[in-house]
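Each chain, letter by letter, is given below.
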Amino acid sequence: MYRTHTNGQLRIEAVSNTVTLAGWVQKIRDKGFMIWVDLRDRYGITQLIFDEERTPKAVMETASKLGREFVIQVTGKVIERESKNPNMPTGDIEILVSELTLLNPSLTPPFTIEEETDGGEDLRMKFRYLDIRRKPVRENLIFRHKVTMAVRNYLSAQNFVEVETPYLIKSTPEGARDFVVPSRMNPGQFYALPQSPQTFKQLLMVGGLDKYFQIVKCFRDEDLRADRQPEFTQIDCEMAFVEQEDILNTFEGLTRHLLKEINGVTVEKFPRMTFDEAMKRFGNDKPDIRFGMEFGELNHVTQHKDFNVFNQAELVVGIAVPGGNSFTRKEIDQLIDWVKRPQIGAMGMVYCRFAEDGTFKSSVDKFYDEADFAEWAKITGAQPGDLICVLSGNTSKVRAQLSALRMELATRLGLRKPNEFAPLWVVDFPLLEWDEETQRYHAMHHPFTSPKPGQLKLLETDPGNVKANAYDLVLNGNEIGGGSIRIHDKKVQAKMFDYLGFSPEEAKAQFGFLMDAFQYGAPPHGGIAFGLDRLVAILGGQETIRDFIAFPKNNSGRDVMIDAPAAIHQEQLDELNLKTTHSEN
Ligand code: ASP
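Residues numbered from 1 in each chain as written. Predicted model: local features only at pLDDT ≥ 70, side-chain atom pairs only at ≥ 80, totals over all residues. Heavy atoms only, no water.

## Concerning the overall build of the protein chain
Right, so step 1: Check the secondary structure of the protein chain and you find 17 helices and 22 strands.
Right, so step 2: Sequence-distant contacts in the protein chain: of pairs separated by 6 or more residues, those separated by 24 or more amount to 66%.
Right, so step 3: Within the structure as shown, the protein chain displays about 29,100 Å² of accessible surface, and the carbon and sulfur contribution to it stands at 51%.
Right, so step 4: Across the protein chain, the centroid of the 70 positively charged side chains sits 2 Å from that of the 84 negatively charged ones. (Helix = DSSP H or I, 4+ residues; strand = E, 2+ residues; numbered from the N terminus. Contact = heavy atoms within 4.5 Å. Areas by Shrake-Rupley, 256 points an atom, 1.4 Å probe, with all protein chains shown as cover. Lys, Arg positive; Asp, Glu negative; His and termini not counted. Charge placed at Lys NZ, Arg CZ, Asp CG, Glu CD.)

As structure tokens, this is what we get:
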């Protein structure tokens, strides 16, 4: 038996028992005549003491040669500590060691394996197995496990069945590029890795399974934005014989359960907002509603004077920054620089201080008077002591810019509290989205999403205004889930493919299996998928998903530990009938 107890287990009651422990040497304090060692495992740390007077000589000698991260086994007596450590569960006791076995030595680790480490991100990723020994990383992984167990238990109790769908499939359009896998047995042909199990879960509904879920890896070959992973995990769900309302209620139930179970937080009914309203009030389809700073549209109170910048703008819109009048001139200039950075792209920013005494002072005093500013304040909800920030220009651009500013200010002002949870359903998304690059409409969610009842004919006349039976679940400014009611009628689906620019042949080649299935009694159905990595991070009160993934990829999609992707041998390429090899550079 390697151990009688774990390193997180022993308390004062165990004093005078003889125990055997095993684990890693985290820290050594060697005074020559006395040596203390912190012994670590997944469960905690227990202090060992070796003492010239009480420890056998041979043991003392081995102990003096221990190094960090050596794996050892010790037997000894539990004794009460002279100086207790109230910050450690095992802090009242230590083990007076009488036997010591070196199970495996260790090289000196490249960074300190303690709660606080000196290791930078790259180094920690390269030696991720060492990083995982650190408490914060380990606890995040255990936290993730708790969330997935809670999801499984909840959905299973609601009669959902977890079904695995294949990874080697044909392209599913979720708007990203596919990762492809060459087929050795079918020369010149490729599988695609699923961007999501979308078509399969719909086929499971045709198969009569009624309620499906799966905690599943999805793969999307996108240019990596910060904190995105090329492979990520979804809680993927689908239900038959449902309307949007049923889906919202079911998954509001799941989310509420998680918040209660994991965070001990009770949330009332989730508010709902249409996409249009979210864009108008927050400039964003995933608004963080934990704080105010709502958009106030100012066209009618700014375009009556000689200020051309505003007069020429499609939208003039402002927010009131609480307490912002206390910003120094320098701080405001920095904000202006911030919105002008290429990532945000604003041309400039007009501001108006609303002083505590009720007077206004703005960067456009030349053009506007107190009465104008009083209107701005009314519309943006500004109070004395606030700062009104105003951007102008093309509606969609200016909304995105002001939304970025709103989030930045909220972060700076400490309004985005990690342990406060504000879920929100955003509904009535547009069915289509205009793509500048290809100069045509794309499905905003995916091509299987059904338009709202009665809107199909609008496709011909006013496509941009067709609303979909699609919804997102937003939590603290993050989209954590999205889904839709699907098309289940072959003719409608064919029409949609046609509209999205697929020829009937292409549609048949790519999605014939689905349209065929629809001819055999497809039930009305719909579903949703949650991004598990992000959900776990938010519930864990953090924003970096990488911290909740055991072996994440870096920003260039590389696993720096195993060094993937990598070149493969010519024989392998030949076997796969891949003629062109990589070039030498
Ligand atoms: N397959 C969709 C996605 O990955 C989710 C859904 O529509 O259920 O976003």
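## Concerning the packing of aromatic side chains
Right, so step 1: Enumeration over the complete set of coordinates arrives at 23 aromatic pairs.
Right, so step 2: With a centroid separation of 6.2 Å and 70 degrees between ring planes, the pair formed by Phe127 and Tyr129 is classed as edge-to-face.
Right, so step 3: An angle of 75 degrees between the planes, with centres 4.8 Å apart, marks the rings of Phe307 and Phe310 as edge-to-face. Here the two residues Phe307 and Phe310 agree in accessibility, since each one is buried. (Phe/Tyr/Trp six-rings, centres within 6.5 Å; stacked < 30°, edge-to-face > 60°. Buried < 20%, exposed > 50% of the residue type's maximum accessible area, 1.4 Å probe, protein only.)

## Thoughts on the nonpolar core
Right, so step 1: Among the nonpolar cores identified, the biggest contains 41 residues, and Leu155, Phe251, Trp425 and Leu539 are the most heavily contacted of them.
Right, so step 2: Counting residues per element, this core draws most heavily on helix α6 (residues 244-263), at seven residues.
Right, so step 3: Sequence-distant contacts of Leu539, defined by excluding residues within four places in its chain, comprise Phe143, Val147, Leu258, Leu259, Asn263, Phe421 and Leu475.
Right, so step 4: Core analysis: the next-biggest nonpolar cluster, separate from the first, contains 27 residues, Met279, Leu431, Leu514 and Met515 among them. (Core = buried A, V, L, I, M, F, W, Y, C linked by side-chain atoms within 4.5 Å.)

## Side note on the sheet that holds strand β3 (residues 44-51)
Across a sheet, paired strands are connected by hydrogen bonds in the backbone, their directions being either parallel or antiparallel.
Right, so step 1: Ordered by their spatial adjacency, five strands build a closed barrel running β1-β2-β3-β5-β4, and the pairing between neighbours is mixed. Along the sheet, successive strands turn relative to each other by an average axial angle of 55 degrees, direction set aside.
Right, so step 2: Sheet analysis places strand β4 (residues 71-80) next to strand β5 (residues 93-104), joined by 10 bridges and oriented antiparallel. Bridge assignment links Val74 to a residue of β5, and that residue is Leu100.
Right, so step 3: Sheet contacts for helix α1 (residues 57-64): β1 (18-30), β2 (34-41), β3 and β5; angle to β5, the most-contacted strand, approximately 70 degrees. (Pairing = 2+ DSSP bridges. Axes fitted to C-alpha atoms, helices over the stretch in contact; angles between N-to-C directions.)

## Side note on the side chain of Asn7
Right, so step 1: By the secondary structure assignment, Asn7 is in the segment before β1.
Right, so step 2: Taking the relative accessible area as the measure of exposure, Asn7 reaches 0% and is therefore buried.
Right, so step 3: A polar side-chain atom of Asn7 sits 3.1 Å from the main-chain carbonyl oxygen of Ala22.
Right, so step 4: Excluding its chain neighbours within four sequence positions, the residues that come into contact with Asn7 are Leu21, Ala22, Gly23, Leu39, Arg40, Asp41, Gly44, Ile45, Thr46 and Thr90. (Polar contact = N/O pair within 3.5 Å; in protein donor to acceptor, adjacent residues only side chain to side chain.)

## Observations regarding the sheet that holds strand β14 (residues 350-354)
Right, so step 1: Reading across the sheet, the five strands line up as β12-β13-β16-β14-β15 and stay open at both edges, with antiparallel pairing between neighbours. Taken across any chain shown, the strands that pair with only one partner, and hence form the sheet edges, are β12 (296-297) and β15 (360-362).
Right, so step 2: Across the face of the sheet, helix α10 (residues 329-340) comes into contact with β14 and β16 (387-393) while running at roughly 150 degrees to β14.
Right, so step 3: Helix α11 (residues 370-380) rests against β12, β13 (315-321), β14, β15 and β16 of the sheet, and its axis sits at about 95 degrees to β15.

## Here we look at the site of the ligand
Right, so step 1: Close contacts around the ligand come from 14 residues, with Glu174, Gln198, Lys201, His445 and Arg486 the closest.
Right, so step 2: At a separation of 2.7 Å, a nitrogen atom of the ligand approaches a polar side-chain atom of Gln198.
Right, so step 3: In the environment of the ligand, an oxygen atom lies 2.9 Å from a nitrogen or oxygen atom belonging to the side chain of Gln234.
Right, so step 4: Summarising the interface, the protein chains cover 92% of the accessible area of the ligand, which totals 270 Å² for the free molecule.
Right, so step 5: Those elements that provide at least two residues to the shell around the ligand are α5 (198-206), β21 (478-485) and β22 (525-531).
Right, so step 6: In terms of residue class, the shell around the ligand is made up of two nonpolar, eight polar and four charged. (Near = heavy atom within 4 Å. Nonpolar A, V, L, I, M, F, W, Y, C, P; charged D, E, K, R; others polar.)

## Points about the environment of Glu139
Right, so step 1: Tracing the backbone through its elements, the reader meets Glu139 in helix α4 (residues 135-157).
Right, so step 2: Distance in space between the C-alpha atoms of Glu139 and Arg42 is 9.1 Å, their sequence separation being 97 residues.

## Looking at helix α14 (residues 490-499)
Right, so step 1: Restricting attention to buried positions, one finds in α14 the residues Gln493, Met496 and Phe497. Viewed along the axis of α14, the buried residues span an arc of 100 degrees, placing them on a single side of the element. Looking at α14, the residues exposed on the side facing more than 90 degrees away from the buried face are Lys491 and Asp498.
Right, so step 2: Looking at the buried side of α14, the elements it contacts are α13 (458-461) and α15 (504-518).
Right, so step 3: Sitting at the head of α14, Asp489 places a side-chain oxygen 2.7 Å from the backbone nitrogen of Lys491.
Right, so step 4: Among the residues trailing α14, Gly501 stands out with phi positive, at a value near 95 degrees. (Arc of directions from axis to C-beta.)

## A closer look at the state of the cysteines
Right, so step 1: This structure, assessed with the given rule, holds zero disulfides.
Right, so step 2: We note that Cys237 lacks a disulfide partner, and the nearest cysteine sulfur, in Cys218, lies 11 Å from it.
Right, so step 3: Here Cys237 falls in the buried class, since its relative accessible area comes to 0%.
Right, so step 4: Counting only cysteine sulfurs, Cys352 is the nearest neighbor of Cys389, a cysteine outside any disulfide, at a range of 9.9 Å.
Right, so step 5: Judged by relative accessible area, Cys389 falls into the buried class, the value being 0%. (Disulfide = S-S within 2.5 Å.)

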